[in-house]
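Inside the fold
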Amino acid sequence: MISFSSVSVPSNPSQVRAADYSILFVGNSHTSGHNLPGLVSEMIRFRKPGKTTYAHVLSVGFLEDVEHNPSYREEIESRPWKFVVLQAQKISTSGTHEYSRNEGIDLAKRAKKHGANVFFFSEWGLKDKPGDGPRQEKVYAEMARAAGVNLAGVGRAWDIALSERPNLTLYEADGNHQSPVGAFLTAAFLCGKITGECPEALGTFPDATLGEADRKFLAQCAAKAVKIP
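Just so we're clear, the structure is a prediction, and the values are computed from it rather than from any experiment.

Moving on: the overall build of the chain. Helix and strand content of the chain: nine helices and six strands. Scaling as 2.2 N^0.38, a compact globule of 229 residues should have a C-alpha radius of gyration of about 17 Å, and the chain matches this with 16 Å. In terms of its C-alpha atoms, the chain occupies a principal-axis envelope of roughly 50 × 45 × 30 Å. Buried residues in the chain amount to 53% of all 229 residues.

Structure, rendered in structure tokens:
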């Protein structure tokens, strides 16, 4: 099950406790686009028959927004989340400005303190901007080390896929957000990170928007990326 949050719609505490995989996603449109949290949950159930999942989304512009919203802090501190996935660190697109990382680091530490397995979700880079993905990952990696949590470098899977198939439509037309194809790759990678299992088997995951050959290729790319230390 997945729920999307607003200030007035908190998660269901009993479902958070009961689910084998309870996952709190904190992020912006890169997290919520094409129902990515729901897709991750479905992939986990596909890989783990009989296991239950519950995903909830805190929608933010940037991670720093959580500090200004008591209901969001309560969501993190008052629920026994097994996994917390953090995306939406503010990063300069020009690379000339440095934005505060303290809020995201503190948020990760808080979630870890309350028992969650925490991942910083590093996004793919902007289309046709070489090096943008690794530059973003560097920021998230430094934040992960500072907080003592994990890194989920989604951009690695994208780089692998595009190096082999440059015309693959991972992006929406804006060159920023993920398409349904990109969402499949992102979800497969995150599924592998959360479960700790190779996501290559997701090549047989049923997805009406993709053909069998594309599903297998994307799952293989996700598997290669997950293995990178």
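This brings us to helix α3 (residues 36-47). Its twelve residues place the ends of α3 16 Å apart at the C-alpha level, agreeing with the 16 Å of an ideal helix rising 1.5 Å per residue. Of the positions making up α3, those classed as buried are Leu36, Pro37, Gly38, Leu39, Val40, Ser41, Met43 and Ile44.

Further remarks concern the packing of aromatic side chains. In the structure shown here, the tally under the stated rule is eight aromatic pairs. Taking the centre distance of 4.4 Å and the plane angle of 5° together, the rings of tryptophan 124 and tryptophan 158 count as stacked. Here tryptophan 158 lies in helix α7 (residues 154-164) and tryptophan 124 lies in the loop between β5 (117-122) and α6 (132-147), a separation of 34 residues in the sequence. Accessibility expressed as a relative area gives 3% for tryptophan 124, which makes it buried.

Next up on the list: the confidence of the model for the chain. Low-pLDDT stretches of the model should not have their predicted coordinates read in fine detail. Chain-level statistics for the chain give a pLDDT mean of 93 and a share of 96% at 70 or above. Below a pLDDT of 50 lies the segment residues 3-8, which in the model reaches 16 contacts outside its immediate sequence neighbourhood of four places, other chains included.

Within the fold, alanine 55 resides in strand β3 (residues 53-59). Separated by 30 residues in the primary sequence, alanine 55 and phenylalanine 25 place their C-alpha atoms 7.2 Å from one another.

On to the side chain of arginine 101. With respect to the secondary-structure elements, arginine 101 resides in the loop between β4 (83-86) and α5 (102-113). Residue arginine 101 is classed as buried on the basis of its relative accessible area of 19%. When sequence neighbours within four positions are dropped, the list of residues in contact with arginine 101 reads Gln89, Val139, Glu142 and Met143.

On to helix α8 (residues 180-195). An α-helical turn contains 3.6 residues, so any two residues separated by three or four positions project in the same direction. For α8, with 16 residues, the first-to-last C-alpha span of 22 Å sits near the 22 Å given by 1.5 Å per residue. Along α8, 14 of the 16 residues are buried, which leaves the element largely enclosed by surrounding structure. Two residues or fewer after α8 comes glycine 196, characterised by a positive phi angle close to 75°.

Quick notes on the rules
Residues numbered from 1 in each chain as written. Predicted model: local features only at pLDDT ≥ 70, side-chain atom pairs only at ≥ 80, totals over all residues. Heavy atoms only, no water. Helix = DSSP H or I, 4+ residues; strand = E, 2+ residues; numbered from the N terminus. Rg over C-alpha atoms; globule rule 2.2 N^0.38 Å. Buried < 20%, exposed > 50% of the residue type's maximum accessible area, 1.4 Å probe, protein only. Expected span 1.5 Å × (residues − 1). Phe/Tyr/Trp six-rings, centres within 6.5 Å; stacked < 30°, edge-to-face > 60°. pLDDT = per-residue confidence, 0-100. Contact = heavy atoms within 4.5 Å.

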